[in-house]
Each structure stands twice: as structure tokens, then as C-alpha cells.
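One letter stands for each residue in the lines below.
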Amino acid sequence: MAVSPTIFDGHNDVLSKLYRAGGQKVAETFLSGREGAIDVPSARNGGFGGGFFAAYVPSPVDIDFKMEEMAKPAYDLPLPDPIDWEDAFPVIMAQAAILFDLESRGALKVCRSMRDIQATLQAGQMAAIFHIEGAEAIDPELHTLEVLYQAGLRSIGPVWSRPTIFGHGVPFRYPSSPDTGNGLTDHGLRLVRRCDELGIMVDLSHLNEAGFWDVARHSTKPLVATHSSAHAICPHSRNLTDRQLAAIRDSDGMVGLNFAVAFLRDDGRMLADVPLEQMLRHLDHLITHLGEDRVGFGSDYDGAIVPEVLTSCASLPALRLAMAKHGYNDALMTKLCHGNWLRVLEKTWGT
């Protein structure tokens, strides 16, 4: 099956997976093959060109309880406690070190500009954007934001569901609106403004609806949700309503379709028997409400249960085949697979 067009992806959790498996001691497995969704051999076989590599501070979670609850017809998981800066910062530093270690080994290139991404993709190397999911490692004065930007940070989500000093995220709740609480704090508004000035993309995925509208009011950049799906199809708190999609469209922004099964299924359950046709329903809905130029992929690989037919990036040819059979022409396929991400990054970062 076809490995083109190249897929550039809005979100993966490789760094936190490698961090928990041993950090830089196990980084070599990313080149040789590892138990996970993304590595160099799988990327080559699947036509995976790279994307946003998220650094994330994990909370203590009872995984068995979470999976059991999210397999039920309805659920509302309690959010983990906030994490202090002193605890978050060294974890993010360790995961950033893994990313730069992978670069030094030739596994990928950390891209800080559109020129970097274009050159890296043309060379057939994996292009990586340094992203932080949940801004616990950013201090109130934003000193660490400045330093991390110089290190290569180009995208940040103010929250990963649990609250931060910057804002509030959505719980893992089904069925539910994303309107679940207060919006951005004063620190959060300053974070958004400074990210706009620096050229750091602000990721709306995981923000609650009040926070979404705060970003929409105060940011001058396109609105981007790196890994979210359509609330009209799956009424999960993590998904975007049609009104939110309209705001993203009007800002000339972007949504990367999340592969996590609980956000794809009509019933919101964390069960992997999701056919590709269900993903195409979400894609069709997003294209209808956003237009062909504002939709892509945000797989959540290595951070979520995904459809059993797409367990790793080596499986991506099956998704391309389904898209082609569905009637997407070559031009639209190229936009969805990578063109739209490159377009919105250029608008956010500049040339």
C-alpha cells in the first residue's frame, strides 16, 4: 500500500513513553525498533514524516481503573491534582534531552522554522517540532518559556486537562460539553500574548471551552487544536463543538483529527474496534465545517488507545487507502496528510 503523501502529525507522546522506559538509556530503540507506535523503521514503512513531539509530565494514574471506567457507556473521571513547577520542570528537561539525543543520533531533526521542516522532509528525515503538553514547567514570570524557546520550543498547550496556573482543562467525561469550568487566568493571558510575540503555537486541545474562547479573543494567530475530534459525532468533553470549529475556520486555523478511540466512537467508549469509516466520518465533518485547507491528523500515538487497524505509524498506508476509496482526490489527500499543517505553521511562525 502507498506510503505517500507523507503524513505530518499533530501530536505524539513518544518522549514521555521513552522517559518512563528509561530515558536516554533506551533512546537507541527509537532507531532500531521499539514497543510503541512510532520509531524510525515504522515511520519508513508507513510514510510518517514527523510532527509534534510532546513533552508531558505524567500524573500518578490507576490505568486499569481508567480503562475500566472509560469502557462504560458513561463516565466522569476525576482530574489529577495540579503539579508544581518545581516537580514539572526537571521532567520536561529530561524529555527535551531525549528529543535532542534522538537528533544527535540522526533519528530526526528538531525543526525551529518552516525552512527547517521543508528541508528535513525533502531530505527524507523525520521532522520534529518540540511541543509541551501542559505548561506546568513554565513559571509565572515566563522565564522558562524564553529559555525553552531558544532551545527550540515552538508549540505549547497551556493545560493537559488537569489545571495549571494558566487555565483549566476538560475532564475525561462522556457524554459532556467541553464547557466545564473557568477559562484562562491572568497568567494564561500573558502566556498567550508572549507566545504570539515569539511565534510559539498555542494548542487548544485539552483546554475547556471557556479557555478556548479566551485564546480566541486574545490571540492574533490562527486557532489550532493539534489533536481533537468532532463533538457532533462523539459528544465527549475533549471534542470540539461546531461553534468552536467555526471560530477556528474564521481564524484560518487548523484541527488535527485525534486517533484516540474514546473521542472517535459515537458511544465514547475506550474500545479499539473502531473501523476506518468512523474516522472518515469525523474527517468529513471537519472538512464540512473547516474547509479542505484546515484539517489534518493529530494521532496521539504512544499516548492513547487507537483503532486496532492503526496501531502504529507503519499502519498508515491503510488509512491512505481508505481515504482514497472514500473519494478524496490527490490534492485533498496531500492537504490532509501534511500540506495543511505546513500552511498553518507558516502563518503562525512566519517564513
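This text gives an overview of the structure that appears in the document. (Residues numbered from 1 in each chain as written. Predicted model: local features only at pLDDT ≥ 70, side-chain atom pairs only at ≥ 80, totals over all residues. Heavy atoms only, no water.)

Overview of the packing of aromatic side chains
Any pair of aromatic rings gets described here by the distance separating the centres and the angle formed by the planes. Our working definition: Any two rings among Phe, Tyr and Trp, with Trp reduced to its six-membered ring, count as a pair given centres within 6.5 Å; such a pair is stacked if its planes are under 30 degrees apart, edge-to-face if over 60, and tilted if neither. Only DSSP runs of H or I reaching four residues or more are called helices, and only runs of E reaching two or more are called strands; each is numbered from the N terminus. Relative accessible area decides the class of each residue, using a 1.4 Å probe on protein chains only: under 20% of the type maximum gives buried, over 50% gives exposed, and in between gives partly exposed.
Taken as a whole, this structure holds 12 aromatic pairs when the rule is applied. Note on F52 and W341: the rings are 5.1 Å apart at their centroids and 55° apart in plane angle, and the pair reads as tilted. Of this pair, F52 sits in strand β2 (residues 48-55) while W341 is found in helix α13 (residues 330-349), placing the two residues 289 residues apart along the sequence. Among the residues examined, F52 registers a relative accessible area of 0% and is labelled buried. Centre to centre, the rings of F172 and F263 are 6.5 Å apart; their planes meet at 20°, and the pair counts as stacked. Of this pair, F172 sits in the loop between β6 (153-157) and β7 (173-174) while F263 sits in the loop between β10 (254-258) and α11 (276-290), and the two are 91 residues apart along the sequence.

With respect to helix α1 (residues 14-21)
Operational definition: Contacts: residue pairs with any heavy atoms within 4.5 Å of one another.
Every buried residue belonging to α1 is among V14, L15, S16 and L18, and all of these are buried. Each element contacted by the buried residues of α1 is listed here: β1 (7-12), α2 (29-32), β2 and α5 (85-104). Residue G22 follows α1 closely and has a positive phi angle near 135°.

Here's the deal with the nonpolar core
Heads up, the rule is: Within this scheme, the nonpolar core is defined by two criteria: the residues are buried Ala, Val, Leu, Ile, Met, Phe, Trp, Tyr or Cys, and they are joined through side-chain atoms within 4.5 Å.
Counting residues in each nonpolar core, the largest one holds 101 residues, and the members touching the most others are F30 and L145. Among residues more than four places away in sequence, those in contact with L145 are I138, L153, I156, L191, R194, C195, L198 and I200. In this structure, F8, I129, M201 and L342 belong to the second largest nonpolar core, which totals 15 residues.

A few points about the layout of surface pockets
Definition in use: Here a cavity denotes grid points, spaced 1 Å and computed from the protein atoms alone, that fit a 1.4 Å probe unable to get out, and a pocket denotes an open set having protein on both sides within 12 Å along at least 5 of 7 lines; residues with an atom within 4 Å of a point are the lining. Grid points are joined across faces, edges and corners, and a volume is the space filled by probe spheres set on the points. Gly is put with the polar residues, along with every residue not named as nonpolar or charged; the nonpolar set is Ala, Val, Leu, Ile, Met, Phe, Trp, Tyr, Cys and Pro, and the charged set is Asp, Glu, Lys and Arg.
Quantified by volume, the largest pocket comes out at close to 740 Å³. Contributing to the lining of the largest pocket are 33 residues, with R20, K66, D302, G303 and A304 lying nearest its centre. At the level of elements, α1 and α4 (63-70) are the ones that each hand at least two residues to the lining of the largest pocket. Per-element accounting of the lining of the largest pocket gives the leading share, four residues, to α4. When its residues are assigned to classes, the lining of the largest pocket shows 16 nonpolar, eight polar and nine charged. Taken as a whole, the second largest pocket spans an internal volume of roughly 310 Å³. In terms of lining residues, the second largest pocket is bounded by 14 residues, among which R44, F48, G124, Q125 and M126 are the most central.

With respect to the pattern of salt bridges
So the rule is basically this: Any Lys or Arg side-chain nitrogen located within 4 Å of an Asp or Glu carboxyl oxygen qualifies as a salt bridge.
A full pass over the atoms with the stated rule returns 20 salt bridges. The closest approach of N and O atoms between E197 and R194, which form a salt bridge, is 2.8 Å. Pair noted here: E197 and R194 are both in helix α8 (residues 186-198), with a separation of three residues, about one helical turn. Assessed through its relative accessible area of 25%, R194 is described here as partly exposed. Of the charged contacts in the structure, one is a salt bridge between D250 and R249, with a shortest N-O distance of 3.1 Å. Take D250: its relative accessible area is 61%, and that puts it in the exposed class. By relative accessible area, which is 34% here, R249 ends up partly exposed. Residues joined in a network through salt bridges with shared partners are D252, R294, R343 and K347.

Focus: empty space enclosed by the protein
Counted by the stated rule, this structure contains two cavities of 30 Å³ or more. Lining the largest cavity are 13 residues, and of these L204, H206, L207, R238 and L240 lie nearest its centre. Counted as a void, the second largest cavity has a volume near 50 Å³. Along the walls of the second largest cavity sit D196, I200, M201, V202, V215, S219, K221, P222, L223 and T348, which together make up its complete lining. Within the lining of the second largest cavity, the residues separate by chemical class into six nonpolar, two polar and two charged.

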